[in-house]
Structures are given as C-alpha cells and as structure tokens.
Amino acid sequence: MKSSFLLCLVLALAMTTVSPAFAADPAGDVTLAEDPNAPVNFTWTLIAAFLVFLMQGGFAMLEGGLVRAKNVSNIMMKNLSDFAIGSLGFWAIGFPLMFGTSVAGIFGASKWLLTGEAYDVSTYLLWIFQMVFAGTAATIASGAMAERTKFRTYYIISFIITSLIYPVYGHWVWGGGWLSTLPFGLGHVDFAGSGVVHMVGGGAGLAGALLLGARIGKYDKDGKPRAIPGHSISMVMLGVFLLWFGWFGFNPGSTLAATELRISIIAVTTLLAGSAGGVAATLYTWKKFGRPDVTMAGNGVIAGLVAITAPSAWVEAWAAVVIGLAAGFIMVESVLLFERKGVDDPIGAISCHLIAGIWGLISVGIFADGTYGLYTTEAPMVVGLLYGGGVGQLVAQVIGVAANFAWVFGTSYSILWVLKKTLGLRVSKEEELVGLDLSEHGAVGYPYFVSRPEERSE
Amino acid sequence: MKSSFLLCLVLALAMTTVSPAFAADPAGDVTLAEDPNAPVNFTWTLIAAFLVFLMQGGFAMLEGGLVRAKNVSNIMMKNLSDFAIGSLGFWAIGFPLMFGTSVAGIFGASKWLLTGEAYDVSTYLLWIFQMVFAGTAATIASGAMAERTKFRTYYIISFIITSLIYPVYGHWVWGGGWLSTLPFGLGHVDFAGSGVVHMVGGGAGLAGALLLGARIGKYDKDGKPRAIPGHSISMVMLGVFLLWFGWFGFNPGSTLAATELRISIIAVTTLLAGSAGGVAATLYTWKKFGRPDVTMAGNGVIAGLVAITAPSAWVEAWAAVVIGLAAGFIMVESVLLFERKGVDDPIGAISCHLIAGIWGLISVGIFADGTYGLYTTEAPMVVGLLYGGGVGQLVAQVIGVAANFAWVFGTSYSILWVLKKTLGLRVSKEEELVGLDLSEHGAVGYPYFVSRPEERSE
Amino acid sequence: MKSSFLLCLVLALAMTTVSPAFAADPAGDVTLAEDPNAPVNFTWTLIAAFLVFLMQGGFAMLEGGLVRAKNVSNIMMKNLSDFAIGSLGFWAIGFPLMFGTSVAGIFGASKWLLTGEAYDVSTYLLWIFQMVFAGTAATIASGAMAERTKFRTYYIISFIITSLIYPVYGHWVWGGGWLSTLPFGLGHVDFAGSGVVHMVGGGAGLAGALLLGARIGKYDKDGKPRAIPGHSISMVMLGVFLLWFGWFGFNPGSTLAATELRISIIAVTTLLAGSAGGVAATLYTWKKFGRPDVTMAGNGVIAGLVAITAPSAWVEAWAAVVIGLAAGFIMVESVLLFERKGVDDPIGAISCHLIAGIWGLISVGIFADGTYGLYTTEAPMVVGLLYGGGVGQLVAQVIGVAANFAWVFGTSYSILWVLKKTLGLRVSKEEELVGLDLSEHGAVGYPYFVSRPEERSE
C-alpha cells in the first residue's frame with residue numbers, strides 16, 4: 001500500500017534525525033539577536049507566502065469554472081492533489097535541488113527533508129515562500145490538460161514537476177545557477193517568476209495538451225474549433241479575484257524583506273498591469289467580436305499579472321500599464337492561434353502563462369529603468385534598452401526564455417510520453433463522455449441539479 | 001480603436017518621462033534611513049490594501065448572488081471592469097485630483113501618472129491604499145443599477161466615478177480640502193470612509209436607480225413591489241464574509257501606520273459592529289416577518305460595517321455594538337422604504353451604503369470618546385456629544401453629509417442623465433427579458449444547468 | 001422584542017462607562033513607548049486574526065457544499081449567525097470568563113464588556129485574536145448538526161458555546177487555569193487549539209448529533225448507512241482552501257508575537273501536515289474504495305491541520321508529515337466508524353475536529369523535540385517521548401483530552417437535552433423533507449435552477 005510505504009519511509013528518515021544535536025537556529029533567538037529587523041521581514045515574507053498559497057484556491061475556482069459541470073470534481077481534486085503531493089516532493093527533493101549547495105551551477109544538493117542544519121527559522125522561511133511558488137507552477141499545468149487526463153498520471157506528473165522540473169530550472173535562476181551568472185546585463189533576471197513559475201507551468205501544460213490531443217467535440221468534421229464554454233462564470237471571476245489578491249504576495253513578497261521599501265512600487269505595478277491586461281482584453285474582444293468577452297477579460301487580467309511578474313520591481317507605473325495592455329492583447333491573439341492550430345487548452349493556460357510569461361521576461365530588457373537592483377538597493381541596478389542599458393539585459397532575458405522552454409518542454413514532453421506509453425495519459429472515450437467526476441471519482445459535483453440533456457459539444 | 005488610442009496616449013506620456021532625473025525616492029533607501037519604522041508601517045499599510053482589494057471579489061459574490069442567473073456574467077464583468085478601468089483613471093487623473101497640491105481646497109493638481117516627483121515609495125504606498133478605496137466606491141454603484149444597465153454606459157460612468165466624482169469629494173475630506181477645515185469640532189472627520197467611500201458609492205447608485213427605473217416585473221399592476229430573489233445564497237454569504245475580511249484592512253489600515261497601536265481597537269470595533277448589524281437584522285426580520293431573513297442578515301452585517309467605518313477609531317466596544325445594532329435596524333427599514341417608494345435597488349446598495357454611511361458619519365459626533373485624534377495620538381482628540389464635546393463635531397458631520405450628497409448625487413445624476421440621452425442607459429425590454437449575459441456578452445453564466453422555465457418575476 | 005431588549009441592555013451598561021477616567025492605554029502611545037517591538041507584534045497578531053476570521057467563510061463553504069441544496073440557505077445563516085451572536089457573547093461574558101482574573105483556576109472574572117481597565121490596546125488585541133478562535137469552535141458544531149436542527153435552538157446553543165463552554169475550558173488551558181499547572185511535563189499544553197478549539201467544537205457537535213438522531217433517509221430499513229452527497233463539490237473545495245489559508249493565521253499567529261521567529265517553522269509544519277493529511281486520505285480511499293475520494297481528500301487536509309494545531313510549534317518538518325499522514329488515515333476510519341454506529345454527521349465534523357484533535361494533543365507528548373518552549377524561547381522546552389522527555393508530557397496531554405471531553409460533552413449534552421425538552425431541537429419531518437431553507441427562512445438558495453425531481457435519500 002502506497003501510504004504505508006510512504007509512512008515507513010518518513011519514519012525511517014525521521015529516526016536518523018532524532019539523536020543528533022541541532023545545528024542552526026530552530027528557536028530563532030540567535031537570528032533575532034543578530035538582526036533586529038528579522039521580525040518585520042519574517043512577518044512580511046510569511047504573510048506574502050500565505051497570500052500566494054491562496055492562489056491554489058484561485059486556480060481551483062478559475063479552472064473549475066472553465067470546465068464542464070461533469071468534470072468539476074476531478075479538476076478540484078487535481079488542484080488539491082498537485083499541491084498536497086507536490087509539497088511533500090518539494091520538502092523531500094525539490095527544495096534541496098533548488099537551494100542546496102550548487103553542483104556546477106546545474107542543481108543543488110543539500111538541506112534534505114528540512115532536517116539537521118536545515119532545521120532553522122530562516123531556512124524554513126525560505127522554504128515556505130518557495131513552496132507556494134512551486135505549487136503554483138504545478139497547478140497551472142492542470143488547466144491545459146483538463147477534462148481528459150487520467151488522475152493517476154496527473155498525480156505522478158505533478159510530483160515530478162514540483163520535485164524535479166521546477167526546482168532544477170529554479171536553481172538556474174534563483175539558486176545561483178548558470179543563468180543567473182550569464183555575462184550579459186546582470187545575468188538572466190526574473191524578479192518574481194514570469195519564467196521560473198509561469199513559463200514552467202505553461203510549458204508543461206503545452207507538452208501535456210499536445211500529447212493528449214483535443215477534447216471530444218472541440219473540433220468539427222472540418223477541423224474548425226467549436227466553443228466549449230465553462231460551467232460557471234461566477235466561479236471563474238472569483239478565481240480571478242483570488243489570484244489577483246494572491247499576486248500581491250507573489251510579486252511584492254519576493255523581496256523577502258520589508259526593509260526593501262520598493263515593495264510599495266512593486267504592489268502598484270502589479271495592480272496596474274493586471275488592470276491594463278483586463279482593459280486590453282475587454283476592448284480588443286469588444287472590437288473584434290462586437291461584444292466584450294467576460295472570460296477573456298478575466299484571462300486578460302491574469303496575462304497582465306503574469307507579464308508584470310518578472311519586471312515588477314524594475315519599472316514604474318506607466319511601464320506597468322504598457323506591459324499589461326500588451327499582455328492582454330497578446331493573450332487574446334495567442335488563445336485564438338493555439339485553438340486554430342489544434343492545441344486544445346480548456347482554460348487558456350498556455351497563452352496566459354507561457355506566452356505572457358515570455359513577454360514578461362523580455363519586457364525587463366526593455367523597460368527596466370535603473371532605479372532598483374537585484375532584490376536590494378545596494379546591488380547593481382537592472383537597466384533595459386529604453387534607459388540606456390544597451391541590449392545586454394535583453395540578450396540575457398532571451399537566453400533565459402530559450403533555456404526555460406528547452407528544459408521544461410523537453411523534460412515534460414519526454415516524461416509524459418513515457419507515462420502515456422506505460423500508465424496511459426488519457427481516459428477512455430466513454431469515460432470522457434460521461435465525465436471524469438463519475439469515471440474517476442464515482443461522484444458528480446452537483447448531484448441535485450438537472451443538467452441540460454445534451455451538451456452541444458458532444 | 002479605443003485600445004490603440006489608449007496605448008498611444010500612454011506611450012506618448014511615457015516618453016516624456018524617460019529622460020529626466022528622478023526626484024523623490026524610488027528605491028526606498030532614503031526613506032528607510034530617515035524612518036526606521038517605515039518597514040513595519042509599509043507592511044501594515046500594504047497588507048491592509050491587499051485585504052481591501054479582495055473586497056472587489058466580495059462585492060462580485062454579493063452582487064452576483066443577488067441577481068438572477070441570467071445576469072450573472074454581466075454583473076461579474078461589471079465588477080471586474082469598474083476596478084480595471086477605474087484604476088487606470090485613478091492613476092492618470094483621480095489620484096492627482098485627490099492628493100495633488102490643493103487648488104483653493106477644491107481639488108488637487110499634481111502627481112500626474114505617478115511619474116517624476118511622484119515616483120517615490122511613500123507616494124506609491126499612498127496610491128495603492130487609496131486606489132482600492134476608490135475601487136470600492138465605484139463597485140458599489142453597480143449593485144443598485146444591476147440587471148438593466150447597458151455595459152457600455154456603465155463602463156463610462158465607472159471611469160468617471162473613479163477619476164472625478166470620488167477624488168474631488170475625497171480631496172475635501174482627506175486631501176486637505178474645505179470640509180476638513182470647517183470651523184466646527186475638528187472639521188468634518190471620516191476615519192475610513194463611511195462618507196468618502198460608502199456614501200459616494202451609494203449616492204451614485206441612487207442616481208442610477210432613479211434614472212433607470214425599476215426592473216421589468218418588480219412591481220405589479222397596482223404598483224405593489226414583488227420579491228425578485230437572487231440566484232445563489234451561497235454566493236451572497238461568501239461575499240459577506242469576504243467583505244468583512246476586507247473591512248479589517250479598510251478600517252484598521254486607515255492609520256497607514258502600525259506604530260499607531262490604536263489599530264487593535266479599530267479592529268475590534270469593526271468586528272463588533274458587523275456582528276451587531278447582523279444580529280439586529282436577524283432579530284428584527286424574525287419579529288417582523290416571522291422568520292429570520294438570510295439576505296437581510298447578510299446586509300445587516302454590511303450595514304453595521306459601513307456605519308462603523310467613520311467612527312471606528314474613536315469609539316469603544318460598547319458604542320460599536322450600539323452603532324451596529326442601529327445600522328442593522330435602519331437598513332431593514334430603509335430597504336423596505338425605498339422599495340415602497342419605487343426605487344428598485346436589486347442588492348440593497350443604497351440602504352447599506354448611503355443610508356448606513358450617513359448614520360456612521362453622524363455617530364462620530366455622538367459617540368467619539370476623546371481618547372484618540374486624527375490618525376495619531378498627538379493630534380487633538382475627536383470628541384462627541386456624549387463625552388462633553390458639545391455639538392460642534394456633530395455639526396461638522398452633518399455639513400459633510402449634506403456636501404457629500406449634493407456633490408455626488410448632483411454630478412452622478414447630471415452625468416448619467418446626459419449619458420441616458422446620448423448613449424442610452426438601459427438595455428431594451430427584449431434584452432432585459434432574455435438576460436444581459438446573452439444580450440451584452442453572448443454567453444450565459446451556467447450553460448449546463450436547466451433553468452426554471454418561468455421566472456415568476458417576468 | 002429581543003433586539004430592543006439587547007439594545008437597552010447595551011445602552012444601560014454603556015452609560016455606566018461614559019464618565020469614569022480611562023485606565024489602561026486606549027490610544028496606544030504608552031504601550032509604544034514601553035515596547036518598540038509592539039508595532040510589528042500588533043501587525044502580526046492582527047493579520048493572523050483576520051486570516052482566522054476568514055475561516056468563517058471557509059466553514060460556510062465547506063459545510064454549505066456538503067449539505068443538500070434545499071438546506072444551503074439555512075447552513076449559511078447558521079454560519080453567519082453563530083459568529084455574529086457569538087461575538088456579542090464573547091464580548092460580554094466569554095472573554096471575561098476566559099481571561100479575567102482567575103477564580104481558583106476554574107474561570108476568570110474581570111474585563112467585562114471591554115470597558116474600564118480593559119479599554120486598552122493590548123487587551124483589545126488579545127480579544128480579537130481569541131474571539132476568532134471562539135467563533136471557530138462555535139461554527140464547527142453546526143456541521144455535525146446540519147440539515148435538521150431548528151434555527152432558534154441553534155442560535156441559543158451557539159451563544160452558550162461562545163459565552164460559557166468554550167471560555168471556561170479555554171481558561172483551564174490558556175487563561176492560567178488548572179490544566180496548565182498540572183504537575184506532569186509542563187502541564188497540559190495546546191499550542192494553537194487542537195483541544196481548546198477543535199475538540200470543543202467537535203465535542204459539542206457529537207452531543208448535538210446524538211441528541212438529534214440521523215437525518216431521514218440516512219439509514220435504510222436494515223440500518224445500513226446510505227450516502228447523502230453534498231450539493232456542490234466546488235464549494236467544498238473552496239472551503240478547504242479558505243480554511244487552510246486561515247490556518248496560517250491560526251497556528252503561527254498563536255505566538256502573538258513576530259519577535260518569536262519560530263513562526264516560520266510553525267507555518268511550515270502547518271502546511272506539511274495539511275498536505276500529508278490530504279495525501280493519506282487520497283491514497284487510503286483509493287486503495288479501499290478503488291477510487292480517490294474527493295470529499296475525503298478535502299477532509300484529510302482538515303484533519304491534518306487539526307492534528308498539527310497543538311504540536312505545530314514544537315515539532316520539525318518530518319514529524320508534521322507523520323502527524324498529518326496519521327490524521328488523514330484516522331479521519332477516514334473514524335468517519336466510517338461513526339457512520340456505522342448510527343451517528344449521522346453530514347460533514348464529518350466529529351472525525352475531523354474531535355478525533356483528529358485528540359490525536360493532535362497526544363502527538364505533542366510524542367514528537368515535541370525540545371527546541372522551543374511555551375510561546376517563547378525563554379521558557380522551559382516542551383519535550384516528548386521520542387526526545388527523552390519521558391511520559392510526563394504525554395500524561396498531561398491525556399488528562400487534558402479527558403477533561404476536555406468531560407466538560408464539553410457533558411455541558412453540551414445537558415444543555416441541548418434541556419433545549420430539546422423545551423424549545424425542541426429538531427424540525428418536524430415535513431420541514432426536514434421540504435428543506436430547512438423553505439421551512440425556516442421562507443426562501444430557497446437557488447430559485448432559478450431545476451432540482452432533480454427525486455432525491456434518492458428520501
């Protein structure tokens with residue numbers, strides 16, 4: 001039985017840690033004596049982490065609202081499970097790979113299981129903030145793969161994203177790895193994770209969507225896409241608001257310190273880029289389709305937020321508005337393009353996270369205004385093209401985009417391909433038609449309401 | 001095309017700001033050196049702002065739950081859009097009008113676009129806190145105008161509320177304008193915005209509801225009102241809890257400083273007034289109708305919270321209970337009165353925000369106990385009638401109420417009247433009957449559930 | 001009329017407090033002068049309290065989703081009302097009983113109505129943090145009693161839990177009462193309330209469920225239990241995420257001080273135990289029933305969180321995983337056992353809160369690792385069996401479990417028994433069949449959707 005095995009493993013590992021004297025500072029008194037600002041910085045970082053955690057609920061609502069009623073329990077379960085199993089993976093393996101002592105700039109290798117020298121208030125603080133980021137990356141993929149992926153396979157790939165794919169790339173950028181030391185600009189920089197989190201989630205989602213193929217009924221006999229609307233717009237919009245709320249932890253919290261007063265500027269750029277993305281998607285769909293599209297407006301906010309994530313600390317308000325407007329426009333075009341190309345992404349995760357994430361990384365090389373450095377005012381300033389920084393930073397950003405896509409898409413596609421050939425990736429046709437709630441979990445999401453007898457997409 | 005125009009405008013403005021040397025303190029190191037308490041005060045104010053932001057989601061749920069299922073996408077879109085477009089307006093025009101250098105105490109005129117001298121950590125901090133307040137005022141109006149207002153017109157009026165109506169009144173009270181310098185009491189005072197935010201939103205909503213007229217089916221042939229229940233009580237109650245949660249940012253956060261330890265007292269008065277409002281509405285409807293009314297109980301909490309917003313920092317626990325109980329009672333009576341008078345307010349926004357807001361402003365002049373001043377312990381104390389302060393403060397409060405209503409209702413009514421005569425304010429009868437989801441956005445909120453064939457209200 | 005009586009009572013009490021000079025520090029300047037860390041500790045504690053408050057919304061969603069559609073308005077109303085009326089009770093009576101000057105270690109008796117000497121920033125800070133805990137205990141009971149309890153009786157018992165049952169037990173553990181001074185280990189310890197909050201709520205719920213009896217249709221003619229699924233899995237899962245989010249205030253916030261940097265470790269143990277509980281319930285139901293059960297997975301997270309609440313500050317990461325895994329497993333078995341034994345608990349509150357709460361208290365005596373003391377690094381360390389602490393702490397924990405159950409179950413059962421014989425506890429058969437929304441409040445939760453004509457459980 002899996003759970004008893006896991007329990008035994010944990011107990012065995014645990015036993016090895018009971019006896020030794022504790023290194024580091026598990027009580028916090030030593031850290032406090034050394035740094036009188038530690039309480040406010042811990043407060044700031046922890047609360048930011050909690051807000052980011054709530055994005056799990058936001059994604060559950062966004063993705064849940066955008067699937068059909070017959071798949072809602074399944075997507076809820078996936079959103080809960082990728083975080084639950086992923087956090088155990090990130091505890092045991094992922095965090096050490098990302099933030100352990102670097103092996104040649106490729107991956108880390110220490111701080112296993114948060115025990116021994118890692119049993120320390122500062123290490124645990126870093127862990128929880130990074131964990132909720134890893135959880136975000138993992139949960140993004142579930143959207144692109146919604147309504148047809150086997151739960152068993154999804155459970156495994158979630159564990160692998162959080163334990164391996166995400167942390168290794170994260171090490172390259174945030175763990176002192178090779179991308180952070182590129183000889184262009186200040187090396188590849190990504191303030192809060194347009195690349196580390198969103199491109200990773202979106203890239204894995206793209207691999208999944210390609211290997212899965214489109215949902216039954218998504219394309220007609222001539223290959224023309226048909227709309228498959230989600231089952232609850234109110235859930236979708238609640239999701240957007242919860243995500244936006246969580247993003248105020250995501251971006252400003254990434255200073256890990258309230259003594260960096262730049263946090264107020266990061267909060268403002270985050271707000272404005274989200275708004276601008278929403279406005280752009282609203283106005284553009286209004287013009288293009290004759291009506292302002294509600295789902296697109298919500299996704300426009302998400303795209304604006306994804307795009308501002310990398311540059312949020314290095315640009316001023318007007319640039320955030322420009323970045324957000326562009327992201328909203330790009331997202332709408334991208335959704336339509338992927339749909340035309342036969343890539344069926346039920347919630348638009350690829351466009352919102354992968355594509356807008358790329359734009360976010362690039363935008364650092366253009367708009368960074370040279371007033372702030374790498375997480376501190378004392379480091380060298382990040383400067384983009386518009387502010388006399390030359391093309392160096394832009395080059396570093398492009399290299400990061402390429403490395404991210406190559407690693408994430410490459411590993412995700414390979415692993416999912418193996419899983420497809422072994423465990424299987426997609427449910428059967430019958431299971432898909434009846435809905436994954438019944439076929440995978442034996443229980444529908446809304447047993448007391450009458451469904452429309454024929455769903456037009458089938 | 002609107003979006004390209006907006007993009008060009010932003011880019012043009014942006015270009016003018018690329019070259020100049022930065023005034024102020026965009027990195028925050030100067031501010032930190034001057035004020036060692038800045039980190040904790042920034043932390044407090046930012047997190048409070050984030051909580052207030054989440055009230056957008058709370059209003060979306062509350063309003064969404066209280067409309068019929070056929071209008072849910074539309075109200076979601078309005079709640080998202082008023083914030084998104086409103087934040088661009090508050091960035092460009094609203095904030096400068098409210099907090100720029102005062103022109104004769106009437107309006108401000110500097111800090112445009114948060115650039116130049118406004119590119120400063122303290123200015124951005126103030127902006128985000130004020131922005132989420134402005135967004136709250138804007139979104140309140142959508143409720144009173146729900147289920148029949150054209151999206152296009154609503155989009156425009158939202159922009160105007162956030163860019164003009166709200167900031168000018170805000171300048172009078174919080175920007176150093178004429179109401180704050182009245183020669184009675186300490187001038188008109190409004191700790192966290194019973195007037196500045198709630199009366200403004202409610203007053204604009206009243207203007208809209210009057211110009212729109214009642215929904216089809218709201219009154220029978222004899223003019224007797226008929227109940228049109230909302231479509232989801234669970235959404236309504238989620239909205240109430242999210243709003244209450246956000247209110248803990250709204251009121252205690254308004255100190256803008258955690259060094260004001262009065263924040264704990266403000267949090268307690270906020271909690272108790274909300275509870276008391278809920279209890280009063282529950283018991284009063286129980287007695288009056290024979291059953292405790294669920295929606296009224298939720299609105300009772302909101303009314304209690306609106307009422308305590310102005311006095312929250314200046315009263316002790318028992319007074320908060322009294323203010324909240326009265327607010328719950330007043331709200332129920334007000335809802336029934338407006339309904340009898342033919343003013344159709346689908347969610348009770350006028351009663352919860354305008355009427356309870358008036359009571360909140362007045363209550364300062366009665367219950368303020370002289371233990372705390374204007375946002376600091378070092379200012380003169382606010383004292384009401386019951387504590388030997390005489391009628392001075394009460395007079396200042398009444399003048400503020402009158403000025404608020406005159407300005408907000410006057411401008412809202414005038415502008416909406418012009419919009420009604422030009423773009424049109426209300427959808428056609430056919431569009432209203434089919435629902436705004438289909439007619440305005442081409443997509444229903446819940447496509448997979450079977451609706452009741454006849455809605456009794458039509 | 002009840003509300004006018006309450007109003008009069010409050011006003012009468014209030015009048016007595018208008019004149020006296022204020023003791024203590026209502027403005028906060030004295031406290032600030034004495035403790036330069038007060039701002040960051042107030043910030044930490046208040047925001048933690050706000051997060052705990054949001055658990056009210058989380059419970060509303062969890063319980064709301066798990067009842068049938070015909071009872072959703074009623075459970076929403078109960079969740080709102082137990083907090084609203086309960087907070088008035090905790091203000092007037094509960095807090096003084098819990099934290100007033102101790103009378104022989106049995107109950108407290110001062111600080112009435114938060115007035116006089118209690119009108120102080122530190123006292124109000126403690127009050128709000130404790131109030132949201134009391135509210136959590138009260139709202140847990142509503143789940144076990146769902147779908148058949150009279151609203152009137154529930155209103156009364158909620159008031160009694162918050163005013164009497166909870167505070168007296170709370171005094172024994174957190175108010176300096178007799179359990180905290182037991183001569184075993186460091187006395188009975190309960191960091192954030194596995195016992196004080198969760199066992200209390202679950203114990204009261206058990207008393208209620210026993211006195212109520214099972215819902216109509218829960219058992220077939222042979223006494224075999226039948227599943228009565230909830231009406232919305234998306235609400236359930238939103239509830240789980242909101243509760244988890246709130247728990248990050250519940251556990252780490254219980255230091256009441258950010259100067260205790262141990263808060264980062266508490267946050268991590270809280271996250272991991274929740275995840276482990278979810279994973280255990282997922283894998284165990286997968287093995288047992290052949291499919292991963294969605295509702296059980298959500299309840300597994302809750303059980304893990306309940307269990308880690310008591311030990312969260314005293315264990316390291318691996319122990320949190322073990323405690324959470326065990327809690328998830330225990331919860332599933334407990335749900336099935338209570339169901340077999342005829343105790344009908346519609347949302348699993350007894351298993352998640354009472355049973356997992358017992359496990360949490362016990363686990364302190366096993367896994368506490370001796371690196372942290374009672375809310376401070378300067379107190380003696382809490383040490384369990386595995387770390388050479390002997391059985392002393394374990395004995396103190398077991399005594400606490402017994403005392404908790406005896407007091408809570410005893411008083412709840414007695415009071416509910418009296419209420420049953422006087423006002424009545426359960427609605428009539430006809431009312432239960434038609435649903436409590438219509439029979440108790442005259443309004444259904446979702447008036448525009450078509451229900452399934454026959455609910456199989458009736």
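Note that the coordinates shown come from a computational prediction; the quantities given were computed from them, not determined experimentally. (Residues numbered from 1 in each chain as written. Chains lettered and ligands numbered in written order. Predicted model: local features only at pLDDT ≥ 70, side-chain atom pairs only at ≥ 80, totals over all residues. Heavy atoms only, no water.)

**Re the overall build of chain A**
Consideration 1: In terms of helices and strands, chain A carries 15 helices and four strands.
Consideration 2: Taken against the 2.2 N^0.38 rule, which gives 23 Å for 458 residues, the C-alpha radius of gyration of chain A at 22 Å falls within 12% of a compact globule.
Consideration 3: Taken along its principal axes, the extent of the C-alpha atoms in chain A is 65 × 55 × 35 Å.
Consideration 4: Relative to its full complement of 458 residues, chain A shows a buried share of 69%. (Helix = DSSP H or I, 4+ residues; strand = E, 2+ residues; numbered from the N terminus. Rg over C-alpha atoms; globule rule 2.2 N^0.38 Å. Buried < 20%, exposed > 50% of the residue type's maximum accessible area, 1.4 Å probe, protein only.)

**Some remarks on a nonpolar patch on the surface**
Consideration 1: Together, Val-103, Ile-106, Phe-107 and Trp-178 of chain A make up a nonpolar patch on the protein surface, roughly 310 Å² of accessible area in all.
Consideration 2: Tracing the backbone shows Phe-107 of chain A in strand E2 (residues 107-108). (Patch = residues over 30% accessible without salt bridge, like charges linked within 9 Å, V, L, I, M, F, W, Y side chains within 5 Å. Areas by Shrake-Rupley, 256 points an atom, 1.4 Å probe, with all protein chains shown as cover. Salt bridge = Lys/Arg side-chain N within 4 Å of Asp/Glu carboxyl O.)

**Notes on the interface of chain B and chain A**
Consideration 1: Of the residues lining the interface, 75 residues belong to chain B; the matching set on chain A comes to 67 residues.
Consideration 2: Of the roughly 6200 Å² buried where chain B meets chain A, counting both sides, 80% is carbon and sulfur surface.
Consideration 3: Run the count over chain B and chain A and you get zero salt bridges.
Consideration 4: Here chain B is connected to chain A by 15 residue pairs in polar contact (both at pLDDT 80 or more).
Consideration 5: Elements supplying a minimum of two residues to the side of chain B that touches chain A: helix H1 (2-18), helix H2 (29-34), helix H3 (38-66), helix H4 (72-99), helix H5 (121-144), helix H6 (151-174), helix H8 (233-250) and helix H15 (436-441) of chain B.
Consideration 6: Looking at which element gives the most residues to the side of chain B that touches chain A, the answer is H3 of chain B, with 15 residues.
Consideration 7: Considering only residue class, the side of chain B that touches chain A consists of 55 nonpolar, 15 polar and five charged. (Contact = heavy atoms within 4.5 Å. Buried area = accessible area lost by both parts, 1.4 Å probe. Polar contact = N/O pair within 3.5 Å; in protein donor to acceptor, adjacent residues only side chain to side chain. Nonpolar A, V, L, I, M, F, W, Y, C, P; charged D, E, K, R; others polar.)

**A word on the relation of the copies chain A and chain C**
Consideration 1: The two copies are related by a screw operation: chain A maps onto chain C through 120° of rotation and 0.0 Å of translation along the axis, at an RMSD of 0.0 Å. The symmetry that links the two subunits is that of a three-fold axis.
Consideration 2: When the interface residues of chain A are mapped onto chain C, a mere 13% of them again fall at the interface, so the copies present different faces. (Least-squares fit on C-alpha atoms with pLDDT ≥ 70 in both.)

**Regarding the side chain of Ser-312 of chain C**
All names here are of chain C.
Consideration 1: Assignment of secondary structure puts Ser-312 in the loop between helix H10 (294-309) and helix H11 (317-340).
Consideration 2: Among the polar contacts listed, one links the side chain of Ser-312 to the backbone oxygen of Thr-309, at a separation of 3.3 Å.
Consideration 3: Setting aside anything within four residues of it in sequence, one finds Ser-312 in contact with Phe-191, Asn-251, Ile-266, Thr-269 and Thr-270.

**Looking at the relation of the copies chain B and chain A**
Consideration 1: The two copies are related by a screw motion: chain B maps onto chain A through a turn of 120° and a shift of 0.0 Å along the axis, at an RMSD of 0.0 Å.
Consideration 2: The two copies present different faces, since only 13% of the interface residues in chain B are matched by interface residues at the equivalent positions in chain A.

**Description of the interface of chain A and chain C**
Consideration 1: Taken together, the 75 residues of chain A in the interface contact 68 residues of chain C.
Consideration 2: With both chains or domains summed, chain A and chain C bury close to 6200 Å², and 80% of this area falls on carbon and sulfur atoms.
Consideration 3: Across the chain A-chain C interface, the total number found is zero salt bridges.
Consideration 4: Applying the counting criterion to the chain A and chain C interface returns 15 residue pairs in polar contact (both at pLDDT 80 or more).
Consideration 5: Elements with a minimum of two residues in the side of chain A that touches chain C: helix H1 (2-18), helix H2 (29-34), helix H3 (38-66), helix H4 (72-99), helix H5 (121-144), helix H6 (151-174), helix H8 (233-250) and helix H15 (436-441) of chain A.
Consideration 6: Of the residues forming the side of chain A that touches chain C, the biggest block, 15 residues, is contributed by H3 of chain A.

**With respect to the nonpolar core**
Consideration 1: One finds Tyr-166 of chain A, Tyr-166 of chain B together with Tyr-166 of chain C to be the most contacted residues of the largest nonpolar core, which totals 518 residues.
Consideration 2: With residues near it in sequence (within four places) discarded, Tyr-166 of chain C still touches Phe-90, Met-98, Gln-130, Phe-133, Ala-134, Ala-137, Ile-161, Trp-174, Val-196, Val-197 and Val-200 of chain C. (Core = buried A, V, L, I, M, F, W, Y, C linked by side-chain atoms within 4.5 Å.)

**Regarding the confidence of the model for chain A**
Residue and element names in this part refer to chain A.
Consideration 1: When pLDDT is averaged across chain A, the result is 94; 94% of the residues are at 70 or more.
Consideration 2: Here residues 11-22 is modelled with pLDDT under 50, and outside its nearest four sequence neighbours on either side it reaches 14 contacts, counting other chains as well.
Consideration 3: Taken over the whole predicted complex, pTM reads 0.96, whereas the ipTM for its chain interfaces reads 0.95. (pLDDT = per-residue confidence, 0-100.)

**What to know about the packing of aromatic side chains**
Think of a pair of aromatic rings as described by two things: how far the centres are apart, and how the planes are tilted against each other in angle.
Consideration 1: Counted according to the given criterion, the structure contains 93 aromatic pairs over all chains.
Consideration 2: For the pair Trp-247 of chain C and Phe-250 of chain C, a centre-to-centre distance of 5.9 Å together with 45° between the ring planes defines the contact as tilted. Placement of the pair is Trp-247 of chain C and Phe-250 of chain C together in helix H8 (residues 233-250), with a separation of three residues, close to one helical turn.
Consideration 3: Note on Trp-247 of chain C: relative accessible area 0%, which makes it buried.
Consideration 4: Here the aromatic cluster, defined as three or more aromatic residues joined through ring pairs, consists of Phe-50, Phe-53 and Phe-83 of chain A together with Phe-241, Trp-244 and Phe-248 of chain C.
Consideration 5: Directly above the aromatic system of Tyr-154 of chain A lies the positively charged group of Lys-78 of chain A, at a separation of 5.7 Å from the ring centroid. (Phe/Tyr/Trp six-rings, centres within 6.5 Å; stacked < 30°, edge-to-face > 60°. Lys NZ or Arg CZ within 6 Å of the ring centre and 35° of its normal.)

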